[in-house]
Amino acid sequence: MRPHLRVLPEAFLPRVLDEAKRLLAEIGIEVRGRQLRQLLLDHGLRTADTAGDGERVLFPPEVIDRAIGTAPRSITLYTRDGRPHATLAGDRVHFAPGSSGLKILDHRTGETRLANTRDFVEYVRVADGLEHIAYLATAFSTNDIEPQVSDAWRLYLALLNSLRPVVSGAFTEHGVPRMAEMMALFRHDRADLSARPMALFTITATGLFRYSEDSCQNLLDCVAWGIPVEIVPVTLLGLIAPVTRAGATVMHIADVLAGLTMAQIARPGAPVLLGGAPAAFHMKTAQSPMAAVEALYLDAAYVAVAKHLGLPTQSYMALSEGKFLDAQAGAETFGGALLAALAGVNSVSGPGMLDYVLTFSLEKLVLDNELCGQALHFVREFSVKEDVPTVDLARHLLAEKHLLTAEHTLKYWPTELHLPGPVFDRTNREQWAKEGGKDLQRRAREEVEQRLAAYTSPETDPRARDEMLRLIRSGLPDGAPLPPVPDPAAARGAGAAPAVDPAHDRRAARRRERAQRPATASDT
């Protein structure tokens, strides 16, 4: 067994589902995408003005049940070169960087500013080597590219600098096909991309029982290409959802079931994660913190309902509303990471994020890598490891006055004791002072620089690179330039100076070794 968080009574879960289905049958969903709405009508669904504010599509309970029955219980993501990387199912937990940022907290200057292409490339290169961050995300937008292709530009930079899967999404109604064609360059054909997906795409439900034109078309295009989608309602407690737990959970589930059902009507068997980005509306500041404890409760509640259905899950957790790498950032992030791990969320978006998912920080990302590693270690499966009966260990302790050299300790400590990396301080004050008295900011900044120095770019076929650029340029006005991209980072030669000190290298090697064992960030 593994540690598990339960926030709703098991007997109440069917009631939540019944109430959500009633909302979809009696209130319905405003489907603003013309093509998707017509598809639903062609499948026998009907519309009605149920609230005096326009026509909504009504979803009978049997249609929803049929959709739940055809949705996959497991989704596997593959690397750019086609290897299985992460299976989203059961209680397997995977952390990925947060998305939707616009700014970067510059680790060199401490300035918060609009992000550019170089910032994004550095982010991918740091994230690519993090042991407890399972895959990437197109975490923030860059301000040096035209908005109509900024979604494809982020994906291009991610594909160019990492083999890992990526959480992404389109910014416009017609953005998915361009991005799908880019990913298909790394597969035999379109069918192979569907069989071995390398990305999750976000489909946002905007609240008020509505799916926008962009979300509707993006959903249709993702389903057509076989790209797994995460349905992410933005449920704001106290503003567009009840401030109370049960009612907010029901409304959230209604939104996410609508997305799931539309995807299954479009293509039975389409891979879908039941997700969300809930937040609590702060009645004094009028802000909407995702790291609020009420939002974290709603995360765990809707995930419990999804698990009751046996469906894979996603959430926005392990992030902070703080502005810097400070105590608030650490507390909010670890609290969210631990709750997500205990709830068994399959894909957790959040690490690296600050300030209401507007600002990304590489220093926070390397700290969050450590926090996520500790959360994953906490939820490992429990098992007896030659320690019950315990009498022989007790006799050894009394004979030797310690267990440091006991065969049992030597055998199990490398997997049982989690050793954080250099961002975490585990020294005493004298050791800390002797090693330079570095505070968290300095340790995190040095870790970022060391990882950037140690990074090596994956090889990319120049024909694939050129075709991706052609696809991006096709969405630009004639003659519009593309931003300069940093050159690939070559492997360091045998005679080159080491990028990191030997002690750091040994620690990184131990963490990589632990990450490849059964309890890993990509398969916990």
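From a predicted model like this one, the values you see are computed outputs, not experimental measurements.

Undergrad: For this particular structure, what's the right way to read a nonpolar patch on the surface?
TA: Together, M1, F382, V384 and V388 make up an exposed nonpolar region whose accessible area comes to about 480 Å². Residue position: V388 is located in the loop between α12 (362-378) and α13 (391-400).

Undergrad: Where do I start with the pairing of strand β11 (residues 199-205) in this structure?
TA: Every regular strand shows the same layout, with side chains that alternate between the two sheet faces. With respect to burial, β11 is a largely interior element, six of its seven residues being buried. In the sheet, strand β10 (residues 166-168) pairs with β11 via three bridges, with the strands oriented parallel. Each bridged residue has a counterpart across the sheet, and for S168 the counterpart in β11 is F201. Examined bridge by bridge, β11 and strand β13 (residues 229-233) share five bridges and lie parallel to one another. In the strand pairing of β13, T202 is matched with E230.

Undergrad: I keep staring at the environment of A280 and nothing clicks. Help me out?
TA: With respect to the helices and strands, the residue A280 is situated in strand β16 (residues 279-280). Taking the C-alpha atoms as reference points, A280 and L239, separated by 41 residues in sequence, lie 8.3 Å from one another. In this view, A280 contacts L237, Q287, S288, P289, A292, E294 and A295; residues no more than four positions away in its chain are not counted.

Undergrad: Whenever I open this one, the confidence of the model for the chain confuses me. Can you help?
TA: Interpreting fine coordinate detail is not advised for predicted regions of low pLDDT. On average, residues of the chain score 94 in pLDDT, and 94% of them are at 70 or above. Taken as a whole, residues 494-524 scores under 50 in pLDDT and shows 56 contacts with residues more than four places along the chain or in a different chain.

Undergrad: Can you walk me through the sheet that holds strand β6 (residues 94-96) in this structure?
TA: The pairing of strands in a sheet happens through backbone hydrogen bonds and is either parallel or antiparallel. Pairing in this open sheet of three strands is parallel, and the strands run β6-β18-β17 from one edge to the other. Since the sheet does not close on itself, it has two edges, and those belong to β6 and β17 (314-316), each with one partner. This sheet shows a mean twist of 20 degrees between the axes of neighbouring strands, independent of strand direction. As judged from the three bridges shared by β17 and strand β18 (residues 347-349), these two strands associate in the parallel manner. Considered in β18, the bridge of Q314 is made with S347.

Undergrad: Could you clarify how one ought to interpret the pattern of salt bridges in this entry?
TA: Two side chains bearing opposite charge may form a pair once their charged atoms approach each other closely. For the structure shown, the criterion picks out 27 salt bridges. Note that E131 is salt-bridged to R451, the shortest N-O span being 3.2 Å. Here R451 lies in helix α16 (residues 440-454) and E131 lies in the loop between α4 (117-127) and β9 (136-137), a separation of 320 residues in the sequence. We note that E131, like R451, is buried. For D392, the salt bridge is made with R395, and the minimal N-O distance between the two is 3.6 Å. Placement of both D392 and R395 in helix α13 is noted, with a separation of three residues, approximately one turn of the helix. Residue class for R395 comes out exposed when judged on its relative accessible area of 55%.

Reading the values: rules and limits
Residues numbered from 1 in each chain as written. Predicted model: local features only at pLDDT ≥ 70, side-chain atom pairs only at ≥ 80, totals over all residues. Heavy atoms only, no water. Patch = residues over 30% accessible without salt bridge, like charges linked within 9 Å, V, L, I, M, F, W, Y side chains within 5 Å. Areas by Shrake-Rupley, 256 points an atom, 1.4 Å probe, with all protein chains shown as cover. Salt bridge = Lys/Arg side-chain N within 4 Å of Asp/Glu carboxyl O. Helix = DSSP H or I, 4+ residues; strand = E, 2+ residues; numbered from the N terminus. Buried < 20%, exposed > 50% of the residue type's maximum accessible area, 1.4 Å probe, protein only. Pairing = 2+ DSSP bridges. Contact = heavy atoms within 4.5 Å. pLDDT = per-residue confidence, 0-100. Axes fitted to C-alpha atoms, helices over the stretch in contact; angles between N-to-C directions.

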